Structures are given as structure tokens and as C-alpha cells.
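Notes for the structure review
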Amino acid sequence: MIRVSLRRVDAAGAFFSLLAGICWGCSGSVGQYLFDHEGMDSRWLVPIRLGAAGIILLVYCAVREGHKIFHPWKTKQDRRDLLIYGLLGVSVCQYLYFLTIQLSTASAATILQDLSPMMILIISCLQQKRLPQLREIAAVVLAFTGVLLIVTHGSLTHLNIPLNAVIAGVLSGVCVTIYNIVPARLLLKFPVILLQGWAFLMGGAAMCVIFRPWTFHYIPSQTGMLGILFVIAVGNVMAFPFYILGVKMIGPEKACLYGFSEPVSAAVIGVLVLGNPFTLWDLAGFICVFLMLAMISLKHRPANPAKRSR
């Protein structure tokens with residue numbers, strides 16, 4: 001009976017982790033559709049997406065926790081960590097991720113952002129003042145090889161993805177690394193969903209000030225409105241709790257691997273629905289990045305890997 005129960009938990013955890021990745025992949029693909037066919041701009045979409053998702057999550061937390069939702073703002077150190085986590089990490093990551101989609105494709109954006117485990121590994125080696133192990137070196141080589149294959153398609157003189165998209169995608173991975181490492185102490189004190197709510201709300205407010213979306217004079221169509229609701233509800237509000245539930249059931253290492261359903265689903269939707277090209281070079285690059293994630297995840301426990309914020 002115990003073995004059967006454990007198998008059911010493992011199956012459920014795998015299901016929720018896969019579902020979270022699919023939600024993120026679908027959200028990114030819908031974002032690509034909004035940019036390519038609805039004429040939206042990431043500077044207009046991201047502030048709305050962040051602000052709305054932040055309000056929804058904080059209302060949910062307020063119903064469950066009441067006045068406790070303001071506890072992360074009580075001490076100076078908590079406020080500082082929350083600002084780093086919410087603004088420099090989560091919010092900038094969200095903007096760069098959707099900017100990469102706008103400049104290229106959803107599958108390219110997700111695969112570039114999935115370089116973050118490799119970055120966390122490198123920082124871990126530096127913090128521990130040790131040389132990387134052979135498995136870790138192989139993982140780094142696989143990551144660079146995978147991205148090189150996707151970006152160049154085997155040509156050293158031509159980029160398959162615009163250079164500004166590559167830069168934005170890699171920087172979004174850097175932001176993922178920041179919000180996984182910097183505020184570790186804060187995440188031990190407060191529910192992750194509460195911190196996500198504040199991060200999204202802060203990011204939405206800050207980007208409204210920076211980008212002033214009301215000056216774009218853009219009015220979305222009915223399809224555009226449905227797309228906006230989709231990226232908010234599926235990409236922010238639904239995907240994250242699914243992933244957290246998967247992590248609780250099967251652990252962060254396995255959940256991280258099942259989360260590879262994100263770039264896979266984005267690639268499938270991109271090819272079948274959006275007409276994105278997908279070549280053998282792309283397939284080889286995806287395999288290299290997946291092997292990198294497998295080597296890192298099965299060997300090491302990432303720093304707070306559940307804090308993903310697509």
C-alpha cells in the first residue's frame with residue numbers, strides 16, 4: 001500500500017510539474033501571437049500582466065493570511081531583499097523574457113532562460129571556492145553547445161536569432177539566477193506565493209512609471225483581450241502553484257526536469273500554430289540543454305528552484 005501511494009504521489013507530482021511547464025510554454029506562445037499578430041509591445045503588455053497578476057495573488061493571500069501579507073515589509077533587511085527579489089529579479093526577468101519573445105520566438109526565449117541553472121552552478125562554485133567537477137564542466141559545455149546550435153544553426157557567420165534577442169534572453173537567465181540566489185533568507189520566512197504577489201505588483205507599478213503604457217494609444221481587439229487574460233491567468237496565476245505543488249510531491253530535482261515541457265510545448269505550438277521554423281539544429285540544441293538540466297538537477301539541489309516566474 002505504501003509503495004502504491006508513493007507511486008501515485010510521484011505520478012501526481014510529475015503531472016503538475018509537466019502541467020506548469022506547459023502553462024508557461026503556452027503563455028509564451030500566446031505572447032508571441034500578441035506581438036506578431038495583434039501589434040502589442042512588451043513595454044505595454046508586461047506592466048499590465050505583472051500588475052494584474054500581483055493583485056490577484058495578493059487578494060488570494062489576503063483572504064488566507066489577512067494582515068500578514070504586509071509582514072515582508074516590517075524590517076529593513078526584509079524590505080531590501082524583497083525589492084531585490086521583486087524588481088531586479090522577477091520583474092526585470094519578466095520584461096526581458098517577453099522582449100526576447102517579441103524579438104524572436106517563444107521557444108527561443110524559454111531555452112535561453114533555461115541557462116539559469118548553469119549560471120547558478122558557476123556562482124555556487126565561486127562561492128564555495130572550488131573547481132567545477134567533471135560532470136559540472138560537461139553540463140556547462142552542453143549548455144553553451146545547445147544555445148550555439150539554436151542561435152547559429154551550425155553557421156559561424158550567420159545568427160538564426162537576432163543578436164538583441166540573444167542578449168535579452170541570456171540576461172533574463174541572469175535575472176532568474178539573481179532571484180534564486182540573492183533573497184534566500186527571505187524565502188525561508190514567507191510563503192513564496194506572497195512574495196510573488198508583491199514582486200508582480202511592484203514590477204507592474206515600476207514598469208508603468210518607466211514605460212508609461214498609456215502613451216502607446218493602443219486598444220487591443222477582443223482576441224487581444226483574451227490573449228492578455230490568458231497570459232495573466234495561465235502564465236502567472238495557474239502555472240506557479242502547479243509547479244510548487246509538483247516540487248512538494250517529487251522534489252525540486254525531478255520537477256526541474258519535468259519543467260522542460262515549457263520549451264518543448266512552446267516549440268510545438270510555434271511550429272504547428274505560429275509557423276515558426278524548427279530544424280534538426282534546433283532539435284540538437286534542445287537535447288543538449290535538456291541533458292545539461294538533467295546533469296545539474298540529478299547531481300545538485302538548485303538554490304530555491306521553485307522560484308520560477310515566467
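A short tour of the structure in this document, coming up. Throughout, residues of each chain are indexed from 1 in the direction in which the sequence is written. In keeping with the predicted nature of the model, local features appear solely for residues at pLDDT of at least 70, side-chain atom pairs appear and are counted solely at 80 or more, and the whole-chain, interface and lining totals rest on all residues. Hydrogens are left out, water is left out, and the side-chain values use all remaining heavy atoms of the structure.

Looking now at the overall build of the chain. Regarding its fold elements, the chain presents 13 helices and zero strands. Counted from the first residue to the last, the chain has its helices and strands arranged as α-α-α-α-α-α-α-α-α-α-α-α-α. All radius of gyration figures rest on C-alpha atoms, and the globule criterion is 2.2 Å times the number of residues raised to 0.38. The C-alpha atoms of the chain give a radius of gyration of 19 Å, which matches the 19 Å a tight globule of 310 residues would have. If you line up the chain on its principal axes, its C-alpha atoms span 50 × 50 × 45 Å. Among the 310 residues that make up the chain, the fraction classed as buried is 52%. The criterion used for residue contact is that any of the two residues' heavy atoms lie within 4.5 Å. Across the chain, every contact between residues at least 6 apart in sequence was considered, and the portion connecting residues at least 24 apart equals 87%. With an accessible surface of roughly 14600 Å², the chain has 71% of that area assigned to carbon and sulfur atoms. Under the convention used here, Asp and Glu are negative, Lys and Arg are positive, and both His and the chain ends fall outside the count. Throughout, a charge is located at the NZ atom of Lys, the CZ atom of Arg, the CG atom of Asp or the CD atom of Glu. Positive and negative side-chain charges in the chain, numbering 24 and 12 respectively, have mean positions lying 11 Å apart. Secondary structure is summarised from DSSP: a helix means a run of H or I of at least four residues, a strand means a run of E of at least two, and numbering begins at the N terminus for each. Accessibility here uses a 1.4 Å probe with only protein chains present; expressed as a share of the type maximum, an area under 20% marks a residue as buried, one over 50% as exposed, and anything in between as partly exposed. Areas reported here follow the Shrake-Rupley algorithm with a probe of radius 1.4 Å; residue values treat only the protein chains shown as occluding.

The subject of this paragraph is the packing of helix H2 (residues 42–65) against helix H3 (residues 76–103). Lines fitted to the C-alpha atoms define the axes, with helices restricted to the stretch that makes contact. Angles between their N-to-C directions range from 0 to 180 degrees. Closest axis-to-axis distance for the H2/H3 pair is 10 Å, and the angle between their directions is 140 degrees. If you check the angle between H2 and H3, you find them oblique. Both H2 and H3 take part in a crossing whose hand is right-handed. Note on element contacts: H3 touches H2 through Ser 91, Gln 94, Tyr 95, Phe 98, Leu 99 and Gln 102, opposite Ser 42, Arg 43, Leu 45, Val 46, Arg 49 and Leu 50. When its residues are assigned to classes, the contact of H2 with H3 shows six nonpolar, four polar and two charged. If an angle is under 35 degrees, it is roughly parallel; if it is over 145, roughly antiparallel; if it lies from 65 to 115, roughly perpendicular; otherwise it is oblique. The handedness criterion is simple: a crossing whose near helix is rotated anticlockwise from the far helix by less than a right angle is left-handed, and one whose near helix is rotated clockwise is right-handed. Under this grouping Gly is polar, as are all residues other than the nonpolar Ala, Val, Leu, Ile, Met, Phe, Trp, Tyr, Cys and Pro and the charged Asp, Glu, Lys and Arg.

The next point concerns the environment of Val 268. With respect to the helices and strands, Val 268 occurs in helix H12 (residues 261–272). Given the relative accessible area of 42%, Val 268 is considered partly exposed. For the pair Val 268 and Leu 58, spaced 210 residues apart in sequence, the C-alpha to C-alpha distance is 33 Å.

If charged atoms from side chains of opposite charge come close, those side chains can pair. For this analysis, a salt bridge means a side-chain nitrogen from Lys or Arg found within 4 Å of a carboxyl oxygen belonging to Asp or Glu. Enumeration over the complete set of coordinates arrives at three salt bridges. For Arg 43, the salt bridge goes to Asp 41, with nearest N and O atoms at 3.0 Å. Residue classification places Arg 43 among the partly exposed positions, given a relative accessible area of 35%. Of the residues examined, Asp 41 reaches a relative accessible area of 16% and is grouped as buried.

Looking now at the side chain of Glu 38. Its place among the elements puts Glu 38 in the loop between helix H1 (2–37) and H2. No salt bridge is formed by the buried Glu 38. Its closest oppositely charged neighbour is Arg 49, at 16 Å. Counted as a polar contact is a pair of N or O atoms within 3.5 Å, where, for protein atoms, one must be capable of donating a hydrogen and the other of accepting one, and residues adjacent in sequence contribute only when both atoms are in side chains. At a separation of 2.6 Å, a polar atom in the side chain of Glu 38 contacts the side chain of Ser 221. Contact partners of Glu 38, with chain neighbours within four places excluded, come to Tyr 33, Tyr 218, Ser 221, Thr 223 and Gly 224.

Right, let's talk about the side chain of Thr 105 for a bit. Position of Thr 105 relative to the elements: it lies in the loop between H3 and helix H4 (106–113). According to the relative accessible area criterion, Thr 105 is buried, its value standing at 19%. Within the structure, the side chain of Thr 105 is placed 3.2 Å from the backbone nitrogen of Ala 108, a separation counted as a polar contact. Beyond its immediate chain neighbours, meaning those up to four positions away, Thr 105 contacts Gln 32, Thr 100 and Asn 276.

A pair of aromatic rings is counted whenever rings of Phe, Tyr or Trp (Trp by its six-membered ring) have centres within 6.5 Å, and the orientation is called stacked for planes under 30 degrees apart, edge-to-face for over 60 and tilted otherwise. A full pass over the atoms with the stated rule returns nine aromatic pairs. Centroid distance Tyr 97 to Phe 98: 5.4 Å. Interplanar angle 90 degrees. Geometry classified as edge-to-face. With respect to burial, Tyr 97 and Phe 98 carry one shared label: buried. An aromatic cluster of at least three residues, connected via ring pairs, comprises Phe 15, Phe 16 and Phe 242.

The nonpolar core is taken to be a set of buried Ala, Val, Leu, Ile, Met, Phe, Trp, Tyr and Cys residues, with the residues joined through side-chain atoms within 4.5 Å. Leu 45 and Tyr 85 are the most contacted members of the largest nonpolar core, which totals 43 residues. Put simply, the parts of the chain that give this core at least two residues each are H1, H2, H3, H4, helix H7 (163–181), helix H8 (184–189), helix H9 (192–211) and helix H10 (222–250). Residues Ala 143, Ala 165, Phe 286 and Ile 296 belong to the second largest nonpolar core, which totals 29 residues.

Another aspect to go through is H7. Helix length check: H7, at 19 residues, gives a terminal C-alpha distance of 27 Å against a target of 27 Å (1.5 Å per residue), a fit within 8%. Residues of H7 that are buried include every one of Ala 165, Val 166, Ala 168, Gly 169, Ser 172, Gly 173, Cys 175, Val 176, Thr 177, Tyr 179 and Asn 180, and no others. Taken together, the buried residues of H7 touch H3, H4, helix H5 (116–127), helix H6 (134–152) and H8. To estimate how far a helix should extend, the number of its residues minus one is multiplied by 1.5 Å.

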